[in-house]
Amino acid sequence: QRQLVESGGGLVQAGGSLRLSCKAQRMILSVFSSEDMEWYRQAPGKERELVASISSGRVTKYADSVKGRFTISRDNGRRTVDLRMDSLKPEDTAVYYCHAQDDWGQGTQVTVSS
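All of the points below concern the structure found in this document. (Residues numbered from 1 in each chain as written. Predicted model: local features only at pLDDT ≥ 70, side-chain atom pairs only at ≥ 80, totals over all residues. Heavy atoms only, no water.)

**Structural notes on the overall build of the protein chain**
Okay, step 1: Scanning the protein chain from terminus to terminus reveals 1 helix and 11 strands.
Okay, step 2: Ordered by position from the N terminus, the helices and strands of the protein chain form the series β-β-β-α-β-β-β-β-β-β-β-β.
Okay, step 3: On C-alpha atoms alone, the protein chain measures out to a radius of gyration of 13 Å, which is about the 13 Å that the 2.2 N^0.38 rule sets for 114 residues.
Okay, step 4: Projected onto its principal axes, the C-alpha positions of the protein chain cover 45 × 30 × 25 Å.
Okay, step 5: Out of the 114 residues in the protein chain, the part that is buried amounts to 40%.
Okay, step 6: Sequence-distant contacts in the protein chain: of pairs separated by 6 or more residues, those separated by 24 or more amount to 53%. (Helix = DSSP H or I, 4+ residues; strand = E, 2+ residues; numbered from the N terminus. Rg over C-alpha atoms; globule rule 2.2 N^0.38 Å. Buried < 20%, exposed > 50% of the residue type's maximum accessible area, 1.4 Å probe, protein only. Contact = heavy atoms within 4.5 Å.)

Take a look at the structure:
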């Protein structure tokens, strides 16, 4: 069983929005609440890149390419971390992965059409 499970990917037109969600379904609350959570993405032919992170104290960081358009948040009680994506561009097309410690989700595909 995967510890992290992503959902919310899909096909949208440029300028549209999506919300991705990551559920730490097998991570106990005490561990989840103390760890930094991250979203990565990987497009075909490119290296996996860090998109956004949120610390246990809810300090957030973003890649320059998404700053101002994406918002990361967490709900420790639900053991979830979300990524709200607005003003999507075709270059945002990638598989998006949730990451914490040594655990990776299976990925969810985001495709942005022009």
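**Observations regarding the pattern of salt bridges**
Okay, step 1: Per the counting criterion, the structure on display carries 4 salt bridges.
Okay, step 2: Among the ionic pairs, Asp92 bridges to Arg41, the shortest N-O distance being 2.9 Å. One end of the pair, Asp92, is in the loop between strand 8 (80–85) and strand 9 (94–100); the other, Arg41, is in strand 4 (residues 37–42), with 51 residues separating them in the sequence.
Okay, step 3: Close ionic contact of Arg69 with Asp92 constitutes a salt bridge, the shortest N to O distance being 2.8 Å. With Arg69 in the loop between strand 6 (60–62) and strand 7 (70–75) and Asp92 in the loop between strand 8 and strand 9, this pair connects stretches of sequence that are 23 residues apart.
Okay, step 4: On the accessibility criterion, Arg69 (11% relative accessible area) is buried.
Okay, step 5: Looking at Asp92, the relative accessible area reads 1%, which means it is buried.
Okay, step 6: Through salt bridges that share partners, Arg41, Glu49, Arg69 and Asp92 make up one connected network. (Salt bridge = Lys/Arg side-chain N within 4 Å of Asp/Glu carboxyl O.)

**Some points on the pairing of strand 3 (residues 18–23)**
Okay, step 1: As paired elements, strand 1 (residues 5–7) and strand 3 share 3 bridges and run antiparallel to each other. Looking at strand 3, one finds that Val5 is bridged to Lys23.
Okay, step 2: Across 6 bridges, the pairing between strand 3 and strand 8 is antiparallel. Paired with Lys23 across the bridge in strand 8 is Thr80. (Pairing = 2+ DSSP bridges.)

**Some points on the environment of Phe70**
Okay, step 1: Considering the arrangement of structural elements, one finds Phe70 in strand 7.
Okay, step 2: Residues Phe70 and Ala52, 18 residues apart in the sequence, show an inter-C-alpha distance of 8.1 Å.
Okay, step 3: Phe70 has contacts with Arg41, Val51, Tyr62, Leu83, Arg84, Met85, Asp86, Leu88, Asp92 and Tyr96, leaving out every residue within four places of it along the chain.

**Quick notes on the packing of aromatic side chains**
Okay, step 1: Inspection of the entire model under this criterion finds 2 aromatic pairs.
Okay, step 2: For the pair Tyr97 and Trp104, a centre-to-centre distance of 6.4 Å together with 85° between the ring planes defines the contact as edge-to-face.
Okay, step 3: Judged by its relative accessible area of 15%, Tyr97 falls in the buried class.
Okay, step 4: An aromatic cluster of three or more residues is present, and its members are Tyr40, Tyr97 and Trp104.
Okay, step 5: The ring of Tyr97 is capped by Arg48, whose NZ or CZ atom sits 4.0 Å from the centre of that ring. (Phe/Tyr/Trp six-rings, centres within 6.5 Å; stacked < 30°, edge-to-face > 60°. Lys NZ or Arg CZ within 6 Å of the ring centre and 35° of its normal.)

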